[in-house]
Amino acid sequence: MHDTDTGTDIDAFIADGYVKVAGAFSRELADECREILWRDTGCDPADRATWTRPVIRLGHYAQEPFRAAANTPRLHAAFDALAGKDAWLPQGGLGTFPVRFPGPDAPGDDGWHIDASFPGEDPADFMGYRVNIASKGRALLMLFLFSDVGEDDAPTRIRVGSHLDVPPILEPAGEDGLTFMDLAGRAGPATEHRPVAFATGRAGDVFLCHPFLVHAAQPHRGTEPKFMAQPPLLPSGPPRADSPVAAAIRAVSGAEPGRASQVVDAGLGDAPGANRIQGMLRWLTAGESHGPALTAIVEGLPAGVRVTSADIAEDLRRRRLGHGRGARMKFEQDEVRILGGVRHGVTLGGPVAIEVGNTEWPKWETVMSADPVDADVLAAQARNAPLSQPRPGHADLVGMQKYGFDDARPVLERASARETAARVALGTVAKAFLKQALGVDVLSHVVALGEVSAPDGVLPEPGDLAAVDDSPVRCFDAAASAAMVAHIDEVKKAGDTLGGVVEVIAYGLPPGLGSHVHWDRRLDSRLAGILMGIQAIKGVEVGDGFTTARRRGSGAHDEIEGTDSGIRRRTNRAGGVEGGMTTGEPLRVRAAMKPISTVPRRLDTIDVKTGEPAKAINQRSDVTAVPAAGVVAEAMVALVLADAAVEKLGGDSAEETARNLRGYLSSLTIK
């Protein structure tokens, strides 16, 4: 057995599937509870003639002293360590008590099994209850001892390490999982090789077990009845991906237990972000700049989010806005199709798949064909001429080196900012979820373009988005907007390009999204990473960022005060994030975009085929894409915030997430 003082022997829990918290509640509480249980059995403790059945099952006990026994500080600390902080619900009481009496008769429940946790088609059919790879409805299996239990006293039998054999059985069944009987029929034979341990101990001990631990009752060969409870620890939302419960599942399965259909593609092995604690949402794009279409998938958003293809098309239209864009924005339109995950304008809870078609595809169908094309046909295509003069500041040269190409086309097609259209499409769905479930508004504006900056402190609010988009450069300050337009015209005449800075603001966020406990769970870390992943972004700051670095401490931080509406910060220099968590103030994050790397004047480079000096290829004619970058950044911030919201609040539907948010806010000890 693995005794611990706190119930946090993580290595033992992951390897064996359980830990024992000795003295989790007092013997005095155990005695009080046992006295009530004796009375309810209808048996006389002093008259063995009344002990006529091997098992008497007693119902749920929600009164004291049972609630006190189930909610001691030591147990709560152990729940935090194993299931994840704030990832479980306080025990409202203790469930069924199978009181076991000595005798030769079989108890009738001595088969190897895993406790089921959510109902099937008929909630009244216990044998039809189910288990899935996400352990829906159960954070931990628990064994509470209310009497001393030795090896002869019918202790629960545990197959040590059997929880590691179960995920491969459940994973193919997906979110629906398997019934209690079906899983027992498979998990029993699959775990026969595991050693058996007994849940023995003293009154007041508690075994905290992985939900997938295979266990069984056994006949009572002792002399005194055994009093125990076997309640579940209920989750407050999807299982925490960084919890030991999830770690044990990940160790043997491709599935992430945060959602049943989620497959880990980060946080394991040599995958990108190998040390990243996997989030609740995943998104992915595919496609090339001149390909037939871009495709995008987001997985993990709850059901019930209202979104349409028209909503996505509107954000894609906003992405094409901006003085200084080239002719391509006029002739290359975006054709939106929602391919899955949405029915009648409402998300279904599964992956949402979106296609952004390219109206220019007929011109590129031969050059960019996925299937082989006859060499003579390709040779006749002017568009197929090898691009051997890489552009400074672009992915061309290093991409050619890395992937072994002698032509920049295969690199620039994917590195192109055209790919951001797919991200904007996904961001539309994320913004809809944030608005409908949390009341959060996300918007962006341009704060600097080349040498022109907008005044500090001029922030658009949710109702101002239309005014921002009406600006030719998406700048909220009219004077700065006019100056930026003039600056673009000047630079265009000079045959050059411009970069700038965009700011994304999120209004209405609750405090506590993100966490301080790990670098990759900090919200500011996640925001910085996702924004730096946008093409041409070279810097990110949260709040006043680099300006604050030049301030003295007395003028750098946001002082706290009590107001009629609760605790607030007098200023928001931190940008709504402290310690990696949202503060409840508006979130502000900025991203700096470099000038477009295709400069009309054509910068010096070399021809990789000859090694001779050359002028860089010219594939586009925008002067600046900063106004569009704000719309892309807006989408990326929305995806990160949606991820953090689902991580914190859970919910299989947007309505459930909203309800969980109301419960969370009402339970705050400091408001």
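Give a detailed account of the packing of helix H14 (residues 420-438) against helix H20 (residues 654-666), specifying residues and quantitative values.
In a packed pair of helices, the relevant descriptors are the angle between the two axes and the axis-to-axis distance. For the pair H14 and H20, the least separation of the axes is 8 Å and the interaxial angle reads 50 degrees. For the element pair H14 / H20, the angle class is oblique. When the axes of H14 and H20 are compared, the crossing they make is right-handed. Along its contact with H14, which presents Phe433, Ala437 and Leu438, the element H20 presents Ala654, Thr657, Ala658 and Leu661. Residues that form the contact of H14 with H20 fall into these classes: 6 nonpolar, 1 polar and no charged.

Explain the sheet that holds strand S28 (residues 587-593) to me, using residue names and the numbers behind them.
Within a sheet, each strand pairs with its neighbour through backbone hydrogen bonds, oriented either parallel or antiparallel. Strands sit in the order S21-S20-S22-S28-S23 across an open sheet of 5 strands; the sheet is antiparallel. The outermost strands of the open sheet, each flanked by one partner alone, are strand S21 (452-453) and strand S23 (537-542). Taken together, the 2 bridges between strand S20 (residues 441-449) and S21 define a ladder with antiparallel strand orientation. By the bridge assignment, leucine 449 is partnered in S21 with valine 452.

How would you sum up empty space enclosed by the protein? Please name residues and give values.
If a probe as big as a water molecule is rolled over the atoms, it shows which places are left empty. For the structure shown, the criterion picks out 3 cavities of 30 Å³ or more. Taken as a whole, the largest cavity spans an internal volume of roughly 70 Å³. In this structure, the largest cavity is lined by Ala83, Ala87, Arg138, Ala139, Pro235, Pro239, Arg240, Ser243 and Val245.

I'd like a description of H14, backed by residues and values.
Spanning 19 residues, H14 covers 26 Å between terminal C-alpha atoms, matching the ideal 27 Å at 1.5 Å per step. Of all 19 residues in H14, 17 are buried; the element is thus mostly enclosed. Once H14 finishes, glycine 439 follows within two positions and takes phi at roughly 70 degrees, a positive value.

Before we move on, could you go through the packing of aromatic side chains and cite the residues and values that matter?
Applying the stated criterion across every chain yields a total of 15 aromatic pairs. Ring centres 6.0 Å apart and planes at 25 degrees place the aromatic pair phenylalanine 25 and phenylalanine 144 in the stacked group. Note that phenylalanine 25 is positioned in the loop between strand S2 (18-21) and helix H2 (27-41) and phenylalanine 144 in strand S6 (residues 140-145), a separation of 119 residues in sequence. Given a relative accessible area of 4%, phenylalanine 25 falls into the buried group.

Describe in detail the nonpolar core, supporting the description with residues and values.
Among the nonpolar cores identified, the biggest contains 80 residues, and Ile354, Phe433, Leu531, Leu587 and Leu641 are the most heavily contacted of them. Residue contacts for leucine 531: discarding those within four places in its chain leaves Ile537, Val540, Val589, Ala633, Met636 and Val637.

Kindly report on the pairing of strand S15 (residues 293-299), identifying the contributing residues and their values.
Across the 7 residues of S15, 5 count as buried, placing the element largely inside the fold. With 5 bridges connecting them, strand S14 (residues 282-286) and S15 associate as antiparallel partners. Considered in S15, the bridge of arginine 282 is made with glutamate 299. Counted between consecutive antiparallel strands, the loop separating S14 from S15 contains 6 residues, among which glycine 287 sits at a positive phi close to 125 degrees.

Pulling in residues and values, what's your account of the layout of surface pockets?
For the largest pocket, the calculated volume is near 1600 Å³. Around the largest pocket, the lining comprises 47 residues; the ones closest to its centre are Pro511, Gly512, Lys648, Tyr664 and Leu668. Tallying contributions element by element places H20 first for the lining of the largest pocket, with 5 residues. For the lining of the largest pocket, a count of residues per class yields 16 nonpolar, 17 polar and 14 charged.

So what about the sheet that holds S14? Which residues, and what values?
The strand order across the open sheet formed by 4 strands is S14-S15-S19-S16, and the pairing between neighbours is antiparallel. Two strands bound the open sheet, and with one partner strand each, they are S14 and strand S16 (334-340). Pairs of neighbouring strands in the sheet enclose a mean axial angle of 15 degrees, with direction left out of account. With 6 bridges joining them, S16 and strand S19 (residues 352-358) adopt antiparallel strand pairing. Looking at the pairing, glycine 340 lines up with alanine 353 of S19. Against the sheet, H14 contacts S14, S15 and S19, and its axis sits at roughly 35 degrees relative to S15.

Provide a residue-level description of the pairing of S6, including the pertinent values.
With 6 of 6 residues buried, S6 lies mostly within the body of the structure. Burial along S6 is two-sided: the face carrying Leu140, Met142 and Phe144 and the face carrying Leu141, Leu143 and Leu145 are both buried. Two elements, S6 and strand S13 (residues 232-233), share 2 bridges in a ladder whose sense is antiparallel. Residue pairing in the sheet places leucine 140 in a bridge with leucine 233 of S13. Note: S6 against strand S10 (residues 206-209), 4 bridges, orientation antiparallel. Its bridge partner lying in S10, phenylalanine 144 is registered against valine 206. Direction of pairing for S6 relative to strand S12 (residues 228-229): antiparallel, over a ladder of 2 bridges. Paired with phenylalanine 144 across the strands is alanine 229, a residue of S12.

I'd like a description of the side chain of arginine 100, backed by residues and values.
If you trace the backbone, arginine 100 turns up in strand S4 (residues 97-100). Setting aside residues up to four positions removed in sequence, arginine 100 forms contacts with Pro54, Val55, Arg57, Pro107, Asp109, Ala154, Ala217, His220, Pro225 and Lys226.

Cut-offs applied
- Residues numbered from 1 in each chain as written.
- Predicted model: local features only at pLDDT ≥ 70, side-chain atom pairs only at ≥ 80, totals over all residues.
- Heavy atoms only, no water.
- Axes fitted to C-alpha atoms, helices over the stretch in contact; angles between N-to-C directions.
- Helix = DSSP H or I, 4+ residues; strand = E, 2+ residues; numbered from the N terminus.
- Parallel < 35°, antiparallel > 145°, perpendicular 65-115°, else oblique.
- Left-handed = near helix turned anticlockwise from the far one by under 90°.
- Contact = heavy atoms within 4.5 Å.
- Nonpolar A, V, L, I, M, F, W, Y, C, P; charged D, E, K, R; others polar.
- Pairing = 2+ DSSP bridges.
- 1 Å grid on protein atoms, 1.4 Å probe; cavity = no way out; pocket = protein on both sides within 12 Å on 5 of 7 lines; lining within 4 Å.
- Points joined across faces, edges and corners; volume = space filled by probe spheres on them.
- Expected span 1.5 Å × (residues − 1).
- Buried < 20%, exposed > 50% of the residue type's maximum accessible area, 1.4 Å probe, protein only.
- Phe/Tyr/Trp six-rings, centres within 6.5 Å; stacked < 30°, edge-to-face > 60°.
- Core = buried A, V, L, I, M, F, W, Y, C linked by side-chain atoms within 4.5 Å.

Remember, this is a structural readout, not a statement about activity or role.
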